[in-house]
Amino acid sequence: MIVEIGHYALVLALALAIVQALVPLYGAIRGDGPLMAVAQPAAVVQFLLVALSFVALTHAHVVSDFSVVNVFENSHSLKPLIYKFSGVWGNHEGSMLLWVLILALFGATVALFSRGMPDDLRALVLAVQSWVSAAFLLFVLLTSNPFARLDPAPLEGRDLNPLLQDPGLAIHPPLLYIGYVGFSITFSFAAAALISGRIDAAWARYIRPWTLGAWIFLTLGIAMGSYWAYYTLGWGGFWFWDPVENASLMPWLAGTALLHSAAVMEKRDALKIWTIFLAILAFSLSLLGTFLVRSGVLTSVHSFASDPQRGVFILGILVFFIGGSLALFAFRATALKPGGIFAPVSREGALVFNNLLLTTSCATVFIGTLYPLALEAVTGEKISVGAPFFNLTFGPLFIPIILAMPFGQMLAWKRGDLLGAAQRLVLAVAIGVAGMIVLEALRGGPVMPAILAGLALYLMVGSFVEIYGRLRGARTIGNMVSRALGLPRSAWGTALAHAGVGITLFGLAATGWGVERIVTVKPGEPVAVGPYEVVVRELAPRDGSNFKELVAHTEIREGGRVIAEMDPSRRSFTTRTMVRTEAGIVTLGAGGQIYMNIADVRVDGAIDLRLYWKPYVALIWLGCLIMSLGGLLSLSDRRLRIGVAQRASVRPQAAPAE
Amino acid sequence: MRFVLALCLALLPSLSLAVQPDEILPDARQESRAREISAELRCLVCQNQSIDDSDAGLARDLRLLVRERIKAGDNDTQVRDYLVQRYGDFILLKPPFKSETLLLWLTPFGVLLAGGAALFAMSRRRRRESAVEASLSDTDEARLKALLEREGR
């Protein structure tokens, strides 16, 4: 019964979404207040209905109701409770429902926290948002119904794919989806601006918290996904330039560009058309990512063609929204007059430079991801585009971005002083170069890691030079602290986020200094790896709820002293007769990690080990956390707080920019 | 008992990870060449994984094949050519530069150049026009500035 209620709630949500897509739109065009006012309650109720449906599906998973196909195929009565929850979105149907849930959540949030916004803008935003959710609700109901029943109900489920039985699944998809779907709001704002033909600095201010929020979650989601891959795949790789990863990187790149161009628009009323375009682009790429991941087109162009229903449906959604918004853009963008003037060397100029490089790198990822698919579809020829291609193209594009980042912070709006900025960055450059030389002298080997690490140091220091300049005049420590606290939080946010990029880059550079040992050992036999020694004490069996495992109790020694222990294991899952290895990971020193995996256990008790010392590797993800923290600080800046927009709107209706 | 479990695990449909100890060549220089070559070869049955990273049985066969060719005295290009002859360009993670992949290789630089050129042209046009019109009226601009300053402290 609960399952049917969930299904019915979803149908109701679709009906309501259609109302919300049409009525406020008509109201906004006619200037009819009551019709526009339909949008807010509709958005809230739509969210509640989708939430009800999600709760119903979760309930079915938690109580192991195997009469539901989705539960039968992806759950097992003995599965640990946390995976009964996360298993809800560990499959196609459930993850699409989560997608729609987050979409509706964003709509409801706009409805509830937009009191200062002009009525027609809000009505249009919510209407466009509802077009998107109607399309996806229809998709779920017609092609991916999570509530389908089985009769007779099986006694036991097939269990969730063991690779997904991991806390990573509980965290990664929701974070990523909030990021992806968060860009739907900026998209709706862009479409609303194009429909109404009105766009100004206030508009840029409305979208900034949403863009920032989506960006923060996307950053966290990508980082989490990469760490998950790192610790499950068994040899410590964390980024493969796989189409699925690229699908999340593209909206991130476009979103980062959007964040920066919206800042220009907010402060200087410039780059309007470009900002609108990026807002459309970021969400279009999110839709593309959903298509790539959900249609099965990646596994093979042919498997897509043989079972095309879902893929074609999402492709239809994709074409409708991207095509529709771009057509709208083409018709209306010319009506938007460009605003503030700036010299090429200026804060605006630096942000334009950033945008050019970010969009080019985004285009690179795009072509690298889709080219093999397109080529195979057109000529039947199969090629691969992998890490070496992206390292050769994406890598060089990112280096100028990193060099320019501290400069961008330093240049004044309108007209900047490049030489002055360079002079103030002398210290950062010096530290970077010195770091490069010292690291190369200490580590030896190929020079690339040291060069990148030096670049990273330059960026970490350079990110704070601007803030240091503002504090330098203070005479006492107390004075300095109070000045530091008085700076806008967005200034701190920028510095922190940029430094985070530097930290991640340092971690990436340090992968070049890693040590790998692939050996066969008997328990008790020590293996040297980097500055440490690793000894497997003994192998012991252990029972989990739905698996059995063989654990290697292992010690890490430094100078003969035991400094840490770890328990890597091999798990065998009974229901799906699958073996999965659990890596042993210990963080030592400045983010370095010992990483160990049992590749095989031989009949005579010898163990095939893959053992790594990865100096500074944790900095890769720590840097991402710091980037998000920077975003969060910016988000908490009082200019962006909800309600401030309300005060700003006290002024007469924002004038059309002309 | 423990031994029996170890045996069971060892005999299960095995997921043996990437490079295994018995594959490694005794000559360290040959081995490091093998690693470098395998990092750029695709495991044909995986999604975008190199044979160096992959757990699949086929990847192991290919790794052994690469090492065999190296031991036989092939240089790096010869090893790659040998594999391309048998499996086609699909096995190269870095697609070769030829007519079918022209667009792929040129897009990054093309976009950068086109974008740069467009920006240059636009900034020249804007500067010519800027003498003629101001974007916001002076009063609007002053009001906006006052608002920004009041809130942006």
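Along every chain, residues carry numbers that run from 1 in the direction the sequence is written. To label them, take the chains in the order written and letter them from A, then take the ligands in the order written and number them from 1. Since the coordinates come from a predicted model, pLDDT governs what is reported: local features require at least 70, and pairs of side-chain atoms require 80 or more to be given and counted, while whole-chain, interface and lining totals use all residues.

### What about the overall build of chain B?
Helix and strand definitions here come from DSSP, where helices need a minimum of 4 consecutive H or I residues and strands a minimum of 2 consecutive E residues; each element is numbered from the N-terminal end. Helices and strands together make up the secondary structure of chain B, namely six helices and zero strands. Reading chain B from its N end, one meets helices and strands in the order α-α-α-α-α-α. Here a residue counts as buried when 20 or more other C-beta atoms fall within 10 Å of its C-beta, as exposed when 12 or fewer do, and as partly exposed in between; the C-beta atoms come from the backbone. The buried share of chain B, taken over its 153 residues, is 27%.

### With respect to the overall build of chain A
Secondary structure assignment for chain A yields 22 helices and 10 strands. Seen through its C-alpha atoms, chain A measures out along the principal axes to roughly 80 × 75 × 60 Å. Looking at chain A residue by residue over its 658 residues, the buried ones come to 55%. It is the C-beta atoms, placed from the backbone, that decide contacts: two residues are in contact if theirs lie within 7 Å. Partitioning the intrachain contacts of chain A with sequence separation of at least 6 by distance along the chain shows that 74% fall at a separation of at least 24.

### Some details on the packing of helix α15 (residues 387–410) of chain A against helix α18 (residues 448–471) of chain A
All names here are of chain A. Where α15 meets α18, the axes come as close as 9 Å, and the angle between the chain directions of the two elements is 5°. Taken as axis vectors, α15 and α18 run roughly parallel relative to one another. In this structure, α15 contributes Ile 402, Met 405, Pro 406, Gln 409 and Met 410 to the contact, and α18 contributes Leu 455, Leu 459, Gly 462, Ser 463, Val 465 and Glu 466. Tallied by class, the residues present in the contact of α15 with α18 amount to seven nonpolar, three polar and one charged. Fitted lines through C-alpha atoms give the axes, limited to the stretch in contact for helices. The angle between two N-to-C directions lies from 0 to 180 degrees. Put simply, angles under 35 degrees are roughly parallel, angles over 145 are roughly antiparallel, angles from 65 to 115 are roughly perpendicular, and the rest are oblique. Under this grouping Gly is polar, as are all residues other than the nonpolar Ala, Val, Leu, Ile, Met, Phe, Trp, Tyr, Cys and Pro and the charged Asp, Glu, Lys and Arg.

### Some details on the domain arrangement of chain A
All names here are of chain A. Each domain of chain A was delimited in the assignment, giving domain 1 (193–271 + 284–307 + 335–424), domain 2 (426–512 + 620–644) and domain 3 (515–614). For domain 1 versus domain 2, the separation of C-alpha centres amounts to 21 Å. Listed as interface residues are 19 residues of domain 1 and, on the opposing side, 23 residues of domain 2. Broken down by secondary-structure element, the contributors of at least two residues to the side of domain 1 that touches domain 2 are α9 (201–232), α15 and α16 (418–424). With 11 residues, the single largest contributor to the side of domain 1 that touches domain 2 is α9. Partitioning the side of domain 1 that touches domain 2 into residue classes produces 12 nonpolar, five polar and two charged. The domain boundaries here were taken from an automatic or database domain assignment.

### Notes on helix α8 (residues 167–196) of chain A
All names here are of chain A. Helix length check: α8, at 30 residues, gives a terminal C-alpha distance of 45 Å against a target of 44 Å (1.5 Å per residue), a fit within 8%. Across the 30 residues of α8, 23 count as buried, placing the element largely inside the fold. With its phi angle positive at about 70°, Gly 197 sits one or two positions after the end of α8. Expected span of a helix, by definition, is 1.5 Å for each gap between consecutive residues, and there is one gap fewer than residues.

### What about helix α14 (residues 347–379) of chain A?
Owing to its 3.6 residues per turn, the α-helix aligns residues three or four sequence positions apart on the same side. Residue and element names in this part refer to chain A. The end-to-end C-alpha distance of α14, which contains 33 residues, comes to 46 Å, matching closely the 48 Å that a straight helix rising 1.5 Å per residue would cover. Note on bend: the value at a residue is the angle between axes fitted to the seven residues ending there and to the seven starting there. Largest kink in α14: about 40°, centred on Leu 370, with the proline Pro 372 one to four residues after it. Of all 33 residues making up α14, 25 are buried, and the element is well covered by its neighbours.

### Brief notes about the confidence of the model for chain B
The predicted coordinates ought not to be read in detail in places where the model reports low pLDDT. Residues and elements named next belong to chain B. The predicted model of chain B averages 78 in pLDDT, with 80% of residues at 70 or higher. Within chain B, no element has a lower average pLDDT than helix α1 (residues 2–11), which sits at 39, and none a higher one than helix α4 (residues 76–87), at 92. Residue-level confidence of the predictor is what pLDDT reports, using numbers from 0 through 100. Segment residues 1–16 is flagged for pLDDT under 50; beyond a separation of four residues in sequence, or across chains, it makes 28 contacts in the model. The complex model carries a pTM of 0.89, and its ipTM stands at 0.81.

### Focus on unusual backbone geometry
Residues and elements named next belong to chain A. Going from Asp 151 to Pro 152, the amide bond is cis rather than trans, its omega being 0°. Backbone geometry places Leu 271, a non-glycine residue, at a positive phi of 60°. Its location among the elements puts Leu 271 in the loop between α10 (243–268) and α11 (272–295). Of the residues examined, Leu 271 has 25 C-beta atoms within 10 Å and is grouped as buried. A positive phi angle is found at Tyr 616, which is not glycine, with a value near 60°.

### Description of the nonpolar core
Residues and elements named next belong to chain A. Nonpolar cores are identified as sets of buried Ala, Val, Leu, Ile, Met, Phe, Trp, Tyr and Cys residues joined via C-beta atoms within 7 Å. Judged by nonpolar contacts, the single largest core of 211 residues is most densely connected at Val 100, Phe 189, Ala 254, Ala 279, Ala 453 and Ala 456. Here the element with the most residues in this core is α9; it accounts for 18 residues. Contact partners of Ala 456, with chain neighbours within four places excluded, come to Gly 502, Leu 505, Phe 506 and Ala 509.

### Details of the confidence of the model for chain A
Residue and element names in this part refer to chain A. Chain-level pLDDT for chain A is 88 on average; 95% of the residues reach the 70-or-more range. Put simply, helix α22 (residues 644–648) is where chain A has its lowest mean pLDDT, 41, and helix α3 (residues 39–62) is where it has its highest, 96. Contacts of residues 642–658 to residues separated by more than four positions or lying in other chains number 29 contacts, the stretch itself having pLDDT below 50.

### Focus: the pairing of strand β8 (residues 584–588) of chain A
All names here are of chain A. Where β8 and strand β9 (residues 592–601) come together, five bridges link them in antiparallel fashion. In the strand pairing of β9, Leu 588 is matched with Gly 592. A pair of strands is treated as paired once DSSP finds two or more bridges between them. Turn length for the β8-β9 hairpin, with the two strands adjacent in sequence and antiparallel, is three residues, and the turn residue Gly 589 shows positive phi of about 65°.

### Some points on the packing of α18 of chain A against helix α20 (residues 489–510) of chain A
Residue and element names in this part refer to chain A. The interhelical angle for the contact between α18 and α20, taken along N-to-C directions, is 170°, at an axis separation of 8 Å. Comparing the axis directions of α18 and α20 gives the class roughly antiparallel. Packed against α18, whose contacting residues are Pro 449, Leu 452, Ala 453, Leu 455, Ala 456, Leu 459, Met 460, Ser 463, Phe 464, Glu 466 and Ile 467, the element α20 presents Ala 491, Ala 495, His 498, Ala 499, Val 501, Gly 502, Ile 503, Leu 505, Phe 506, Leu 508, Ala 509 and Ala 510 at the interface. When the residues that make up the contact of α18 with α20 are grouped by side-chain class, the tally is 19 nonpolar, three polar and one charged.

### A few points about the sheet that holds β9 of chain A
Residues and elements named next belong to chain A. Judged by pairing direction, the sheet is antiparallel, and its four strands sit side by side in the order β1-β10-β9-β8 without closing on themselves. Each edge of the open sheet is held by one strand with a lone partner, namely β1 (515–521) and β8. Here the strands of the sheet are splayed against their neighbours by 15° on average, with no regard to which way each runs. Two elements, β9 and strand β10 (residues 607–614), share eight bridges in a ladder whose sense is antiparallel. In the strand pairing of β10, Tyr 595 is matched with Tyr 612.

### What about the environment of Arg 602 of chain A?
All names here are of chain A. Within the secondary structure, Arg 602 sits in the loop between β9 and β10. A residue is classified by how many C-beta atoms lie within 10 Å of it, and Arg 602, with 13 of them, is partly exposed. Remark: the alpha-carbon pair of Arg 602 and Lys 522, spanning 80 residues in sequence, is separated by 9.9 Å.

### Some thoughts on the environment of Leu 457 of chain A
Residue and element names in this part refer to chain A. Assignment of secondary structure puts Leu 457 in helix α18. With 27 residues separating them along the chain, Leu 457 and Ala 430 place their C-alpha atoms 9.7 Å apart. With near-sequence residues (within four places) excluded, Leu 457 lies in contact with Ile 431, Gly 432 and Gly 435.

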